Amino acid sequence: MKTIKVNVVTPDGPVYESDVEMVSTKAKSGELGILPGHIPLVAPLEIGSVRLKKGGNTEIIAVSGGFLEVRPDTVTVLAQAAEKASDIDVERAKRAKERAEKRLRAQQQENIDFKRAELALRRAINRLAVSEKK
Ligand code: ATP
């Protein structure tokens, strides 16, 4: 089975590095499925998950947006934050979700803090969803 090397990198360091059979994720332009030999591509990512298929298993990583770079034999995901499903602290994500929801109830729309709270809420919901799939 052909494989492609995947690196998931954040400002805190590498989060994942392995050779996988397929990478799937949601870019801003839509769902992407990347197999070895894919044409070169750079795509901005949504807050969401990167799924890595390897030997009958799928590892799931939560990413807080960022960029995906595809070269024929490598995929690099560069994200502000990324966590393997098994590394997600569920209680922390629940607390972050509650804090964000409280701020959103208190804020007016179009306010900068509203947008910030909305993004924090999306990150927390994403972490909770990814941790459930581990
Ligand atoms: P919080 O308010 O809990 O910090 P956040 O969404 O503001 O959540 P980020 O700024 O996205 O957090 O991430 C800061 C760092 O903390 C990153 O290294 C990220 O991987 C890590 N992190 C955030 N939330 C979690 C979590 N629930 N479990 C594990 N690591 C987390």
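Since this is a predicted model, take the numbers as computed values, not measurements.

Caption draft 1: Region of interest: the pattern of salt bridges. Throughout the structure, instances matching the rule amount to seven salt bridges. Its salt-bridge partner being Arg51, residue Glu31 comes within 3.2 Å of it at the nearest N-O pair. Placement of Glu31 in strand E4 (residues 30–34) and of Arg51 in strand E5 (residues 41–54) is noted, with a sequence separation of 20 residues between them. According to the relative accessible area criterion, Glu31 is exposed, its value standing at 54%. A residue is classified by how much of its surface remains accessible, and Arg51, at 24% relative accessible area, is partly exposed.

Caption draft 2: Quick peek at helix H1 (residues 90–106). In this model H1 runs 25 Å from its N-terminal to its C-terminal C-alpha over 17 residues, within 8% of the 24 Å that 1.5 Å per residue would give. Residues Ala93, Ala96, Ala100 and Leu104 constitute the buried set of H1. An end-on view of H1 places all buried positions within 70 degrees of arc, on one side of the element. Those residues of H1 that are exposed and angled more than 90 degrees off the buried face are Glu98, Lys102, Arg105 and Ala106. For H1, the capping residue at the N-terminal end is Asp89, with a side-chain oxygen 3.2 Å from the backbone nitrogen of Glu91.

Here is what the cut-offs are and how they apply
- Per chain, residue numbering runs from 1 following the sequence as it is written.
- Owing to the predicted nature of the model, reporting of local features is limited to residues with pLDDT of at least 70; listing and counting of side-chain atom pairs is limited to 80 or more, with chain, interface and lining totals taken over all residues.
- Side-chain figures throughout are based on the complete set of non-hydrogen atoms in the structure, without hydrogens or water.
- Each reported salt bridge corresponds to a side-chain nitrogen of Lys or Arg within 4 Å of a carboxyl oxygen of Asp or Glu.
- Going along the chain from the N terminus, every DSSP run of H or I of four or more residues is numbered as a helix, and every run of E of two or more is numbered as a strand.
- Three exposure classes are used, based on accessible area relative to the maximum for each residue type with a 1.4 Å probe and protein chains only: buried under 20%, partly exposed in between, and exposed over 50%.
- What a helix is expected to span follows from its residue count: subtract one and scale by 1.5 Å.
- Summarising the geometry, the arc corresponds to the directions from the helix axis toward the C-beta atoms.
- In protein, a polar contact means a hydrogen-donor-capable atom and an acceptor-capable atom, both N or O and within 3.5 Å, with residues adjacent in sequence counting only if both atoms are side-chain atoms; elsewhere, any N or O pair within 3.5 Å suffices.

Everything listed here is a matter of geometry and, on its own, says nothing about what the molecule does.
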